[in-house]
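Given next are the chains, with one letter for each unit.
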Amino acid sequence: MLARRVVGVLDRQWLLAELPDPRPLVRLGDIVPADPADERVELLVAMLRTLRWRVLTRAALCRQRVSALESWSVRRQLADIELGWLLDGDG
């Protein structure tokens, strides 16, 4: 559930960033946890299994989770670019 909420918060923040100012405040009750099958949730669950996350501060844990998602996003974008090259025959 922790990983699902993290993805839900980040999705909500992304959505609100797309809106013009002033942006509404985000309340915990407004956050919809991501689907358990979301690949980002699976990534965070795998990351949490490798950490002793309960001993981290909230800020450190947030940095770890956001960093893991950023790395995943970059790898995914690169894979999409390479796939595009292969499909176009330019690779």
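Residues numbered from 1 in each chain as written. Predicted model: local features only at pLDDT ≥ 70, side-chain atom pairs only at ≥ 80, totals over all residues. Heavy atoms only, no water.

Asks: Help me understand a nonpolar patch on the surface in this model?
Replies: A cluster of nonpolar side chains, Val74, Leu78, Ile81 and Trp85, forms an exposed patch at the surface whose accessible area comes to about 400 Å². With relative accessibility at 48%, the residue Trp85 sits in the partly exposed group. (Patch = residues over 30% accessible without salt bridge, like charges linked within 9 Å, V, L, I, M, F, W, Y side chains within 5 Å. Areas by Shrake-Rupley, 256 points an atom, 1.4 Å probe, with all protein chains shown as cover. Salt bridge = Lys/Arg side-chain N within 4 Å of Asp/Glu carboxyl O. Buried < 20%, exposed > 50% of the residue type's maximum accessible area, 1.4 Å probe, protein only.)

Asks: Quick question: what am I supposed to make of the pattern of salt bridges here?
Replies: A side chain of one charge can pair with a side chain of the opposite charge if their charged atoms are brought near each other. All chains considered together, the criterion is met by three salt bridges. Two residues, Asp38 and Arg40, come together in a salt bridge whose shortest N-O distance is 2.7 Å. Residue Glu39 is joined to Arg76 by a salt bridge in which the shortest nitrogen-to-oxygen separation is 2.3 Å. Linking Glu39 in helix H2 (residues 39-50) with Arg76 in helix H3 (residues 58-88), this pair joins segments that are 37 residues apart in sequence. We classify Glu39 as partly exposed; its relative accessible area is 40%. Three or more residues are tied together by salt bridges with common partners; here these are Asp11, Asp38 and Arg40. (Helix = DSSP H or I, 4+ residues; strand = E, 2+ residues; numbered from the N terminus.)

Asks: How do you make sense of the nonpolar core when you look at a structure like this?
Replies: A general feature of soluble globular proteins is that nonpolar side chains tend to end up buried together. Residues Ala3, Val6, Val7, Ala34, Val41, Leu44, Met47, Leu48, Leu61, Ala68 and Leu69 constitute the largest nonpolar core, which totals eleven residues. For this core, the secondary structure elements donating two or more residues are helix H1 (2-17), H2 and H3. The biggest single contributor to this core is H2, with four residues. The contact partners of Ala34, leaving out residues within four places of it in the chain, are Arg4, Val7, Gly8 and Val41. (Core = buried A, V, L, I, M, F, W, Y, C linked by side-chain atoms within 4.5 Å. Contact = heavy atoms within 4.5 Å.)

Asks: Looking at this structure, how should I read the packing of H1 against H3?
Replies: For any two helices packed against each other, the geometry comes down to the angle between their axes and how far apart the axes lie. Contact geometry of H1 with H3 gives a least axis separation of 12 Å together with a crossing angle of 70°. Taken together, the axes of H1 and H3 are roughly perpendicular relative to one another. Residues Leu2, Val6 and Leu10 of H1 pack against Leu61, Arg65, Val66 and Leu69 of H3. Counted by class, the contact of H1 with H3 contains six nonpolar, no polar and one charged residues. (Axes fitted to C-alpha atoms, helices over the stretch in contact; angles between N-to-C directions. Parallel < 35°, antiparallel > 145°, perpendicular 65-115°, else oblique. Nonpolar A, V, L, I, M, F, W, Y, C, P; charged D, E, K, R; others polar.)

Asks: Help me understand the confidence of the model for the chain in this model?
Replies: For any part of a model where pLDDT is low, the fine detail of the predicted coordinates should not be relied upon. Residue-level pLDDT values for the chain average 84, and 97% of them are 70 or greater. At the level of individual helices and strands, the chain shows its lowest average pLDDT in H1, which scores 84, and its highest in H2, which scores 90. (pLDDT = per-residue confidence, 0-100.)

Asks: Hey, could you run me through H2 in this one?
Replies: Given 3.6 residues per turn, any residue in an α-helix points the same way as the ones three and four places further on. Taking 1.5 Å as the rise per residue, H2 with twelve residues should run 16 Å; its terminal C-alpha atoms sit 17 Å apart, in good agreement. Restricting attention to buried positions, one finds in H2 the residues Val41, Leu44, Met47 and Leu48. Projected down its long axis, H2 shows its buried positions confined to an angular sector of 125°, all on one face. Those residues of H2 that are exposed and angled more than 90 degrees off the buried face are Arg49 and Thr50. On its buried side, H2 packs onto H1 and H3. (Expected span 1.5 Å × (residues − 1). Arc of directions from axis to C-beta.)

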